[in-house]
Amino acid sequence: CDYNGNGVISLAECDLWIKEMLKSKCVTSAEGERIWKRYRRCYIHAFNRAKSVAEENKIEGMDTATTNDFVVKKEFRIMVAYLCVYVVMYDAFQMVDGGKRGEGILGDDTEDLRIELDEWLASYRNVSDHT
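Residues numbered from 1 in each chain as written. Predicted model: local features only at pLDDT ≥ 70, side-chain atom pairs only at ≥ 80, totals over all residues. Heavy atoms only, no water.

K.L.:
Would you take a moment to explain the environment of Ile59 for this structure?
P.N.:
Along the chain, the position of Ile59 falls in the loop between α2 (29-50) and β2 (71-72). Judged by its relative accessible area of 12%, Ile59 falls in the buried class. Sequence spacing of Ile59 and Gly7 is 52 residues, and the spatial spacing of their C-alpha atoms is 9.8 Å. Apart from residues lying up to four places away in sequence, Ile59 is in contact with Val8, Ala65, Thr66, Thr67 and Phe70. (Helix = DSSP H or I, 4+ residues; strand = E, 2+ residues; numbered from the N terminus. Buried < 20%, exposed > 50% of the residue type's maximum accessible area, 1.4 Å probe, protein only. Contact = heavy atoms within 4.5 Å.)

K.L.:
So what exactly am I meant to see when it comes to the side chain of Lys51 here?
P.N.:
Inspection of the secondary structure puts Lys51 in the loop between α2 and β2. We note that Lys51 is buried and unpaired, the nearest opposite charge coming from Asp69 at a distance of 5.2 Å. Not counting residues up to four positions away in its chain, the partners in contact with Lys51 are Thr67, Asn68, Asp69, Phe70, Val71 and Glu75. (Lys, Arg positive; Asp, Glu negative; His and termini not counted. Salt bridge = Lys/Arg side-chain N within 4 Å of Asp/Glu carboxyl O.)

K.L.:
What is the right way to read the packing of aromatic side chains from this model?
P.N.:
Following the criterion strictly, the structure yields 5 aromatic pairs and no others. Pairing Tyr82 with Tyr86 gives two aromatic rings, centres 6.0 Å apart and planes at 40 degrees, and the pair type is tilted. Here Tyr86 and Tyr82 lie together in helix α3 (residues 73-96), a separation of 4 residues that amounts to about one turn. Each member of the aromatic cluster is reached from another via a ring pair, and the members are Tyr39, Tyr90 and Phe93. Looking at Lys19, its charged tip hangs above the ring of Trp36, at a distance of 4.4 Å from the centre. (Phe/Tyr/Trp six-rings, centres within 6.5 Å; stacked < 30°, edge-to-face > 60°. Lys NZ or Arg CZ within 6 Å of the ring centre and 35° of its normal.)

K.L.:
It is not clear to me how α3 should be interpreted in this structure. Could you clarify?
P.N.:
Residues spaced three or four apart along an α-helix point in a common direction, a consequence of the helix completing one turn every 3.6 residues. Here α3 spans 36 Å end to end across 24 residues, near enough to the 34 Å set by a 1.5 Å rise per residue. For α3, the set of buried residues is Glu75, Met79, Tyr82, Leu83, Tyr90, Asp91, Ala92, Gln94, Met95 and Val96. On the buried face of α3, the contacting elements are α1 (11-25), α2, β2 and α4 (117-123). (Expected span 1.5 Å × (residues − 1).)

K.L.:
Help me out: how do you make sense of the layout of surface pockets in this one?
P.N.:
Sizing a probe to match a water molecule and rolling it over the atoms shows the empty space that remains. Volume-wise, the largest pocket comes out at about 230 Å³. For the largest pocket, the full set of lining residues is Trp17, Ile18, Met21, Leu22, Lys25, Ile35, Tyr39, Tyr43, Val80, Leu83, Cys84 and Val87. Secondary-structure elements contributing two or more residues to the lining of the largest pocket are α1, α2 and α3. For the lining of the largest pocket, the element with the highest residue contribution is α1, accounting for 5 residues. Along the lines of polarity and charge, the residues of the lining of the largest pocket split into 11 nonpolar, no polar and 1 charged. (1 Å grid on protein atoms, 1.4 Å probe; cavity = no way out; pocket = protein on both sides within 12 Å on 5 of 7 lines; lining within 4 Å. Points joined across faces, edges and corners; volume = space filled by probe spheres on them. Nonpolar A, V, L, I, M, F, W, Y, C, P; charged D, E, K, R; others polar.)

In structure tokens:
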């Protein structure tokens, strides 16, 4: 995941790693790309949540950047856990937003990234045991 070998992971490196893993592990590369796009906002949230877990330190060779701008080795496992949690939460959210499991930002215009009362009342039972 640390493509440039500097001991820290940037958001761009994290994003690329997830995309490459999905494309290589899914049945087809196109399916991996579709999943990466569908849940990309989760990866960004997981990265941002994990990058400040460990103590902040200055990074040698960088004028203003600190370890809180990147995911460091100590934070990698928590970032992976956050990835799992955020993806499951977003998957459940998408089942309610629009009342079905759609593509959201990839073309299903019934999903607007908000849950209205009527959507919640029509769909909350679908996610009561979602894992």
